[in-house]
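Residue-level structural notes
The primary structure of each chain is shown beneath.
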Amino acid sequence: MEAFDLEGEGERVLELIARYHREIESRPVLSRATPGQVASQLPSEPPEEGAGSAGEGWDAILADVERIILPGLTHWQHPSFFAYFPANASGPAMLGELLAAGLGVQGMLWLTSPACTELEVVVMDWLAKLLGLPEMFRSGGAGSGAGSGSGMGGGVIHGTASEAVLTAMVAARHRARQRMRAGEARGEAAPPGSFTVYASDQTHSSFVKAAMIAGLAEDPEDRRRVRLISTDAQGGIKPDELEAALRADVAAGLTPAFVCATLGTTATGAMDDVASVARACDGGAGAGGRPWLHVDGAYAGAAAVCPEFRPMLAGVERADSFCFNPHKWLLTNFDCDAFFVADRRALIDAMSVTPEYLRNAASESGAVVDYRDWQVPLGRRFRSLKLWFVIRHYGAAGLRAFIREHVRLAELVAGLVREDGRFELTAEPSLSLVCFRVRGAGDAGNLELMRRLNASGELFLTHAALPPASPFRGQERGGGSITLRLAIGATSTREEHVRRAWASIQREAARLVAGT
Ligand code: PLP
């Protein structure tokens, strides 16, 4: 194998990345690639001779990145990216990601890279403190010896919030099963053992997907063990209905095992009242004990770095787990989900399998964390590096300023919507998300407006279905259950970008209404 000029080629790749960001505003936000266009420019056979051995260096490879790959991108880091929720990145996070790749370690066990594990323990404790999370979600301090019997809480980095909800659900089911077995051993009658899981009808699709993967649902519509509780006009779960559903299932001999509350629903940013959800869980405890309460704050959770946004966390001290995505709104490249548990034993009991080849003295001493037992995969990347770089570079004050600026911009946009009688807000702005639509244009008209805006390349926004109880749903002349969403969160978005976006929206809406 020939030596690779890491420094020389690396400098060129870094230069390409820097130029990409410098010039990103000249690109259409949503890629204009048509299906198959990228693939058709790539050879169907892999090269026999690599660029290295052919001596051509990386010129051809980097030229193809510019010619084929970049035009095939939708630019998530573009300041006019307002779609879905953001997946923002920052220079410090990019360098952390690069360093993690460069070091090339795999941190499945403490032994396989002590720094990979211990930095993660510390950074997750930092994050818990930055968000003002209850102490039970912290690891318990330096080194954080985590023998499986220790019962301490702590945080772990997962790839996504989807992995977090799946992991929490599996741990919840295991814990409920254990409690039932303990009841059986004490001679208490055991229920048939069908586990049921609960969330609002506004929960993210990852909840239903987790139920499918965990074998609790055969398809997305299978409601035999999955309960989607109705929501109020704002899109928050109705705790009374949750409690009624839990009680009815217990009465029917089922075992409620898992409840997921959402902070910041994907459609409109609605907040479940976690304290009320926790109370409902108390009322719905069956043979498996009180169901596990997981709080999914994938997008909104980051805002808790600011004390003024922490009221949404009220009741989280009664949850078993909490997650949010620094990769959505905390300057940290995808992928990075921060997943906190109050009792790590529940995860470890549900997921630890130890073949001989993984045995080692450090693990058996109980003095270390082995994060492989806190997640589905065995192997794991050194993701805490990028989070560490972000927190060290920006500091708590920088992170707060970042969030506050986006919330300010969302309020500004909401004000602009209110000022223009042709539009209406379809929900109260939630943090940095603004939901709106053109009055009287109906779903088809609003979707057409979105299509035109996205095709213009000037901005990218997406739509969602309004919560079923929303006063805007179907009531407006022309009907409608669709809202447009403008989610602010790209690292480089400034006031000029949201003002420009609003001007584009006004212009296209006027054309639409005029029938041109
Ligand atoms: N939960 C909520 C509320 C979300 O909005 C999303 C994604 O937007 C997810 C979960 C899934 O996130 P991930 O892509 O990290 O799995």
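Quick caveat, the model's predicted, so the values are computed rather than measured. (Residues numbered from 1 in each chain as written. Predicted model: local features only at pLDDT ≥ 70, side-chain atom pairs only at ≥ 80, totals over all residues. Heavy atoms only, no water.)

**Quick look at the overall build of the chain**
Helices and strands together make up the secondary structure of the chain, namely 16 helices and 11 strands. Radius of gyration (C-alpha) of the chain: 25 Å, near the 24 Å computed for a compact globule of 516 residues. Structurally, the chain occupies a C-alpha span of about 75 × 70 × 45 Å along its principal axes. When the 516 residues of the chain are sorted by exposure, 52% land in the buried category. Looking at the chain, you have 52 positive and 61 negative side-chain charges, and the mean spots of the two groups are 5 Å apart. (Helix = DSSP H or I, 4+ residues; strand = E, 2+ residues; numbered from the N terminus. Rg over C-alpha atoms; globule rule 2.2 N^0.38 Å. Buried < 20%, exposed > 50% of the residue type's maximum accessible area, 1.4 Å probe, protein only. Lys, Arg positive; Asp, Glu negative; His and termini not counted. Charge placed at Lys NZ, Arg CZ, Asp CG, Glu CD.)

**Comments concerning the site of the ligand**
Around the ligand, a shell composed of 14 residues is seen, among which A161, S162, T266, D296 and N325 lie nearest. Within the side chain of S162, one N or O atom sits 2.5 Å away from an oxygen atom of the ligand. The contact in question runs from an oxygen atom of the ligand to an N or O atom on the side chain of N325, over 2.9 Å. Across the complex, the protein chains shield 88% of the 390 Å² of accessible surface that the ligand would expose by itself. Mapping the ligand onto the cavity grids shows that it belongs to the largest pocket. Here the residues of the shell around the ligand are counted per class, giving three nonpolar, nine polar and two charged. (Near = heavy atom within 4 Å. Polar contact = N/O pair within 3.5 Å; in protein donor to acceptor, adjacent residues only side chain to side chain. Areas by Shrake-Rupley, 256 points an atom, 1.4 Å probe, with all protein chains shown as cover. 1 Å grid on protein atoms, 1.4 Å probe; cavity = no way out; pocket = protein on both sides within 12 Å on 5 of 7 lines; lining within 4 Å. Sits in = over half its atoms within 2 Å of the grid points. Nonpolar A, V, L, I, M, F, W, Y, C, P; charged D, E, K, R; others polar.)

**Regarding the state of the cysteines**
Counted under the stated rule, the structure contains zero disulfides. Here C116 stays free of any disulfide, with the sulfur of C336 as its closest cysteine sulfur at 12 Å. A disulfide-free cysteine, C281 has its sulfur positioned 11 Å from the sulfur of C260, the nearest such atom. The buried category is assigned to C281, whose relative accessible area is 0%. (Disulfide = S-S within 2.5 Å.)

**Here's the deal with the environment of L119**
Tracing the chain through its elements places L119 in helix α6 (residues 114–130). Look at L119 and you get buried, because its relative accessible area is 14%. C-alpha separation for the pair L119 and F382, spaced 263 residues apart in sequence, amounts to 9.1 Å. Filtering out sequence-adjacent residues up to four positions away, L119 remains in contact with F382, S384, L385 and W388. (Contact = heavy atoms within 4.5 Å.)

**Quick notes on the sheet that holds strand β8 (residues 423–425)**
Backbone-to-backbone hydrogen bonds pair the strands of a sheet. The strands run either parallel or antiparallel. Taken together, the four strands give an open sheet; going across it, the order is β8-β9-β11-β10, and neighbouring strands pair in antiparallel fashion. Looking at the sheet topology across the chains shown, the edges are occupied by β8 and β10 (462–465). Going across the sheet, the axis of each strand differs from the next one's by a mean of 40°, ignoring polarity. Here helix α15 (residues 442–456) sits on the sheet and contacts β9 (433–438), β10 and β11 (482–487); the angle it forms with β11, its principal contact strand, is near 30°. (Pairing = 2+ DSSP bridges. Axes fitted to C-alpha atoms, helices over the stretch in contact; angles between N-to-C directions.)

**With respect to the sheet that holds strand β1 (residues 154–158)**
In spatial order, the strands read β1-β7-β6-β5-β4-β2-β3; together these seven strands make up an open sheet with mixed pairing. Strands with a single pairing partner mark the edges of an open sheet, and in this sheet they are β1 and β3 (226–229). Across the sheet, the mean angle from the axis of one strand to that of its neighbour is 20°, orientation sign disregarded. With three bridges connecting them, strand β5 (residues 292–296) and strand β6 (residues 321–324) associate as parallel partners. Each bridged residue has a counterpart across the sheet, and for H294 the counterpart in β6 is S321. The strands touched by α6 are β1, β6 and β7 (337–341); relative to β7, the strand with the most contacts, the crossing angle is about 85°.

**Quick notes on the nonpolar core**
Core analysis: the largest hydrophobic core is formed by 64 residues, its most contacted members being L127, F322, F340 and I403. Looking at this core, the element that brings in the most residues is helix α14 (residues 384–419), giving eight residues. Sequence-distant contacts of I403, defined by excluding residues within four places in its chain, comprise A302, A303, V305, C306, F309, W329 and L330. By size, the runner-up hydrophobic cluster in this structure holds 38 residues, among which are A176, V208, A298 and V341. (Core = buried A, V, L, I, M, F, W, Y, C linked by side-chain atoms within 4.5 Å.)

**A closer look at unusual backbone geometry**
The omega torsion of the bond from F334 to D335 falls at 10°, within 30 degrees of zero and hence cis. If you trace the backbone, D335 turns up in the loop between α11 (326–329) and β7. Phi at Y84 takes a positive value of approximately 40°, unusual for a residue other than glycine. With respect to the helices, strands and loops of the structure, Y84 is situated in the loop between α4 (59–69) and α5 (91–103). Taking relative accessible area as the criterion, Y84 reaches 43% and is therefore assigned partly exposed.

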